[in-house]
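Architecture at a glance
Spelled out, the chains give:
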Amino acid sequence: MTIQEINKAYDRIIGSLDEKELKNAFDFLQGLIAGIRAYAFQDRLNELQDTYKYMLRYRIEGAKDPMQDQIYNQLIASSYEFADRVRHKALSADSPLAYYSHRRMTQKEPAGYDRLHKVLRNASLLRMEAPAGTLTEQRRIESATILLFNTIWTSNPLNKEETASIRELLNDPELPFIIGSQIVSALMLGLQAAFDKEKLLLLFDAANLREDEIRYRALIGILLTLYTYRKRTALYPQIADRLAALSEGFPNFTKAIRTITLRFILARETEKITRKLQDEIIPEMIKLGPKISQKINLKDINPELLGDEMNPDWQDMLSNRSLGKKIEEFSELQQEGADVMHSTFVHLKHFPFFREPGNWFMPFTTEHSALGNPLSKNQTEKNVLDSMTLSAFMCNSDKYSLYFSMMQLPDQTRQRMMGQFGSQATEIIQQAKEDLISKREKLETISGQYIQDLYRFFKLYPGHLDFDDLFTRALDFHNLPILQPYVSDEESLTTIAEYYLRRNYFLDALTIYNRLSDANQESDVLFQKIGYCKQMEGDIQGALEAYLHADLIHPDSKWVIRRIAGCYRTLKRPEEALRYYHRYEALDPDDLSIQISIGHCHLELKQYKEALKYYFKVDYLDNKSTRAWRPIAWCSFLTGKYDQARNYYKKILDNQPDTQDFLNAGHTEWALQHIKGALAFYKKAVEKESGDFSKFQEQFNQDIPDLLAAGIEEAEVPLMLDQLRYSLSDTC
């Protein structure tokens, strides 16, 4: 079988097990075993099938076994695990995927966990005791850590001895926290390749450790695993038990899940932010560059410019531009924790450091050998590294990228750049050190940086296509049944829904608002948001029903009344819309946009004289605006007031006309029997459509009934169109 055929067969097996169609799953497994000629698996498949047949027979005969559900769940779980084993066997020899190529390498020279533990501990102790040999021992630690990462990541399902050894590694206080962080990442990545209950339980162990960098990474790994295998986790009661125990011992467990969920929602924005930077902000900055240079003497930049206050010399220049608004929006996203740095570092991942998968998850440390010997660095370089370590707005991967990029510069340039930090860097370090402990404990910072590290790995690692991209998934942890007991409180659901709503993920928000409405039918704001989400998704009828419910609860909301009217108009029910517009008018008689909407409703009801009253009112009260001109002109035409229509179309045509304006002006001239004038306007209408006569005619044909009502004879219509065709041909 080809690799593609193996993967298709496996997907069919898992799909059948997800639907609890065990007979189909066993048949597909039989085909996979035969296809790869791995008949050593046959006995185990026969055993699973026999167990299932016996269970079915007992059930058909009416025998009641209190253990039947437990046996059934165990059978499905065993079938999942068996399918994973068969797939690994099928792909292990030939698959070019990074997982299997690393697996083959580690299996050639197996490294026992206990031996690696001993190497790591000895090197760590020597590094502390003998500063002169720091770099040698550091490299030994890093080499062993990489081997440990790859071994855990590509391992078979862990046995009891292996699990115990990894647990000892996690709990060893003599080892740097980076070791535990890498173990957690390896467990997470391995679980994405294949489910292993023991690996998941080790993540629960890690989530109970005191080191925040490890525990928060472990919690993220747990959530990702529960999401990836949401069909399986209910089959293992031990997982639910460990989750319940973790919720009691983990500080602010509900808040932690909520925060991580929000961070993953923010990660969805990364590509949008990158596109906005590359396509909008940076090009506009480049255009604006010379003007900024004239306004600002870049040589005179002083420490004050590093503060929060914008320089008024150029703040005014930006304020009147769309760029100013974009930069402000960009700044708000950065404050909120969005990944605004991705586009900056996307092309700085080519360094040898990033060839190792594990290095993409490595916490930034000034002691890493890739940054050089710490003993040889001057104070300025140490300050730079310390300030990068304490920086909360860059993820670990980007910190390494930045330093590697700086090291590529010529010595003088690099020293000059680092020297610019000067006393400011020292102040930043001193201030940050006072807050270091709280930063390390800060869930938002650690989880945000780790999720950004994950994002870069799944998007930028040279072999990233070998991995299923986590960030193409919804990652809506709050919707997982196993997690709902911990994030079903109103505060969590409302916070998550607001995040979705603000970022225009309306279906995701709607799912939560519907859940909240089941328990609360008296919140008008809740039903307003349900209506808004449905409206934005195109469900106008559903939106109308939600708005009407909100209106019953709070009948004086102008926003709701206007939305209801708008929905009725969209549904082609102008009479009902008119009722609500008049309700709004009673609350705010000076709102001219409502007067326009009332006029539109009368227009749709063919009550042209009534419509004109409202349009003229708007035109009189807002004589600087042109918004009433088009409806006045068209209603004037429909009511036979052609001279009046002509006057308004003249004003419209002097003010950025579109195709429809030229078309309607032509109709008016024709109704006045000014044939040449009509022909001239029709010709301009075609030109507005880039000479596409068919597009023009499509719009023209819609107006034929109105032309006939204006007294144009039906026989004249094709003659006018042919004359227009000749006129256009002559022009060409």
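Below is a summary of the structure that appears in this document.

What counts as what
- Each chain carries its own residue numbering, running from 1 in the written order of its sequence.
- It should be noted that, the model being predicted, local features are given only for residues of pLDDT at least 70 and side-chain atom pairs only at 80 or more, the latter also being counted only at that level, while totals for whole chains, interfaces and linings use all residues.
- Note: side-chain values were computed over all heavy atoms of the structure, leaving out hydrogens and water.
- Helix axes use the C-alpha atoms of the stretch in contact, all axes being lines fitted to C-alpha atoms, and the angles between their N-to-C directions lie in the range 0 to 180 degrees.
- Where helices and strands are cited, they refer to DSSP runs of H or I of at least four residues and of E of at least two residues respectively, numbered from the N terminus.
- Handedness of a crossing follows from how the near helix is turned relative to the far one, being left-handed for an anticlockwise turn of less than a right angle and right-handed for a clockwise one.
- The contact criterion used is simple: two residues touch if any of their non-hydrogen atoms lie within 4.5 Å.
- Lys, Arg, Asp and Glu make up the charged group, whereas Ala, Val, Leu, Ile, Met, Phe, Trp, Tyr, Cys and Pro make up the nonpolar group; the residues left over, Gly among them, are polar.
- Here the term buried applies to any residue with accessible area under 20% of the maximum for its type, exposed to any over 50%, and partly exposed to those in between, with areas from a 1.4 Å probe on protein chains only.
- For salt bridges, the criterion is a side-chain nitrogen of Lys or Arg within 4 Å of an Asp or Glu carboxyl oxygen.
- Centres within 6.5 Å make a pair out of two Phe, Tyr or Trp rings, where for Trp the six-membered ring is used; the pair is then stacked when the planes are under 30 degrees apart, edge-to-face when over 60, and tilted otherwise.
- A ring has a charge above it when a Lys NZ or an Arg CZ is no more than 6 Å from the ring centre and no more than 35 degrees off the ring normal.

Put simply, helix H26 (residues 524-536) and helix H28 (residues 558-570) touch, their axes get as near as 11 Å, and they point 35° apart. In the packing of H26 onto H28, the handedness of the crossing is left-handed. From H26, Gln528, Tyr532 and Gln535 reach across to H28, where they touch Trp559, Val560, Arg563 and Cys567. Split by residue class, the contact of H26 with H28 holds 4 nonpolar, 2 polar and 1 charged.

On to unusual backbone geometry, then. For Lys606, which is not glycine, the phi dihedral falls at a positive 65°. Following the sequence through the fold, Lys606 ends up in the loop between helix H30 (592-604) and helix H31 (608-621). For Lys606, a relative accessible area of 62% gives the class exposed. The backbone of Gln673 shows a phi angle near 65°, a positive value even though the residue is not glycine. Counting through the fold element by element, Gln673 comes out in the loop between helix H34 (659-671) and helix H35 (675-688). Of the residues examined, Gln673 reaches a relative accessible area of 55% and is grouped as exposed.

With that settled, the discussion passes to the pattern of salt bridges. By the definition in use, this model includes 29 salt bridges. A salt bridge links Glu491 to Arg258; the nearest nitrogen and oxygen atoms lie 3.5 Å apart. One end of the pair, Glu491, is in helix H24 (residues 490-502); the other, Arg258, is in helix H13 (residues 253-267), with 233 residues separating them in the sequence. Given a relative accessible area of 52%, Glu491 falls into the exposed group.

On to the packing of aromatic side chains, then. We describe a pair of aromatic rings using the distance from one ring centre to the other and the angle between the two ring planes. Per the counting criterion, the structure on display carries 46 aromatic pairs. Measuring from centroid to centroid gives 5.0 Å for Tyr99 and Tyr100, while their planes differ by 90°, and the two rings are edge-to-face. By relative accessible area, which is 8% here, Tyr99 ends up buried. In this arrangement the basic side chain of Arg503 is found over the ring face of Tyr499, its NZ or CZ atom lying 4.5 Å from the centre. Just above the ring of Tyr584 sits the side chain of Arg562; from NZ or CZ to the centre is 5.7 Å.

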